[in-house]
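What follows is each chain in one-letter form.
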Amino acid sequence: MVEADTALRQALLTYVQCGFNTTRAAANLYAHRNTVERRVSRANELSAVKVEGNPPHVAAALLVLDIAPDIVAPKPS
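Residues numbered from 1 in each chain as written. Predicted model: local features only at pLDDT ≥ 70, side-chain atom pairs only at ≥ 80, totals over all residues. Heavy atoms only, no water.

1. Overview of the environment of Tyr15
Then, number 1: Secondary-structure assignment places Tyr15 in helix α1 (residues 6-17).
Then, number 2: A relative accessible area of 8% places Tyr15 in the buried class.
Then, number 3: In this structure, Tyr15 is in contact with Phe20, Asn21, Thr22, Ala25, Val40, Val51 and Glu52, ignoring residues within four places of it in sequence. (Helix = DSSP H or I, 4+ residues; strand = E, 2+ residues; numbered from the N terminus. Buried < 20%, exposed > 50% of the residue type's maximum accessible area, 1.4 Å probe, protein only. Contact = heavy atoms within 4.5 Å.)

The following block contains the structure:
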């Protein structure tokens, strides 16, 4: 999830906070429903843990990344 851009992480966190309701998340983000669906799908592709399978851990990780984006060490080149 660290590889995800800010918009993707925000969409995913909003999706979790809205109880996995894509329409409500889209309204909160002022985005189209399809945009949220694509971002959630992309996030699930990037993550070993699917958001629907473990929402508390995914939400906690997203909140930590939001508060302290430099907490994760950069990958070696």
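2. As for the confidence of the model for the chain
Then, number 1: Predicted confidence across the chain gives a mean pLDDT of 83, with 86% of residues reaching 70 or more.
Then, number 2: Ranking the helices and strands of the chain by mean pLDDT puts helix α2 (residues 22-29) first, with 96, and helix α4 (residues 55-67) last, with 81. (pLDDT = per-residue confidence, 0-100.)

3. Looking at the packing of α1 against α4
Then, number 1: Closest axis-to-axis distance for the α1/α4 pair is 10 Å, and the angle between their directions is 140 degrees. In terms of their interaxial angle, α1 and α4 are classed as oblique. Taken as a pair, α1 and α4 cross one another with a handedness that is left-handed. Along the contact surface, α1 presents Arg9, Leu12, Leu13 and Val16, while α4 presents Pro55, Val58, Ala59, Leu62, Leu63 and Leu65.
Then, number 2: Looking at side-chain class alone, the contact of α1 with α4 contains 9 nonpolar, no polar and 1 charged residues. (Axes fitted to C-alpha atoms, helices over the stretch in contact; angles between N-to-C directions. Parallel < 35°, antiparallel > 145°, perpendicular 65-115°, else oblique. Left-handed = near helix turned anticlockwise from the far one by under 90°. Nonpolar A, V, L, I, M, F, W, Y, C, P; charged D, E, K, R; others polar.)

4. Description of α1
Then, number 1: With 12 residues, α1 should cover 16 Å at 1.5 Å per step; its first-to-last C-alpha distance of 16 Å lies within 8% of that length.
Then, number 2: Restricting attention to buried positions, one finds in α1 the residues Leu8, Arg9, Ala11, Leu12, Leu13, Thr14, Tyr15 and Val16.
Then, number 3: The secondary structure elements touched by the buried residues of α1 are α2, α3 (33-46) and α4.
Then, number 4: Positive phi shows up at Gly19, right after α1, with a value of about 65 degrees. (Expected span 1.5 Å × (residues − 1).)

5. Section: the environment of Asp66
Then, number 1: Checked against the element boundaries, Asp66 lands in helix α4.
Then, number 2: With 53 residues separating them in the primary sequence, Asp66 and Leu13 have C-alpha atoms 9.8 Å apart.

6. Some remarks on the pattern of salt bridges
Then, number 1: Inspection of every chain in the model, using the stated rule, returns 2 salt bridges.
Then, number 2: Where Glu37 meets Arg33, a salt bridge forms, and the shortest distance between an N and an O atom there is 2.4 Å. With Glu37 and Arg33 both in helix α3, this residue pair falls 4 residues apart, about one helical turn.
Then, number 3: A relative accessible area of 38% means that Arg33 is categorised as partly exposed.
Then, number 4: Note that Arg42 is salt-bridged to Glu45, the shortest N-O span being 3.2 Å. Remark: Glu45 and Arg42 occur in helix α3; sequence separation between them is 3 residues, near one turn of the helix.
Then, number 5: Owing to a relative accessible area of 39%, Arg42 belongs among the partly exposed residues under this scheme. (Salt bridge = Lys/Arg side-chain N within 4 Å of Asp/Glu carboxyl O.)

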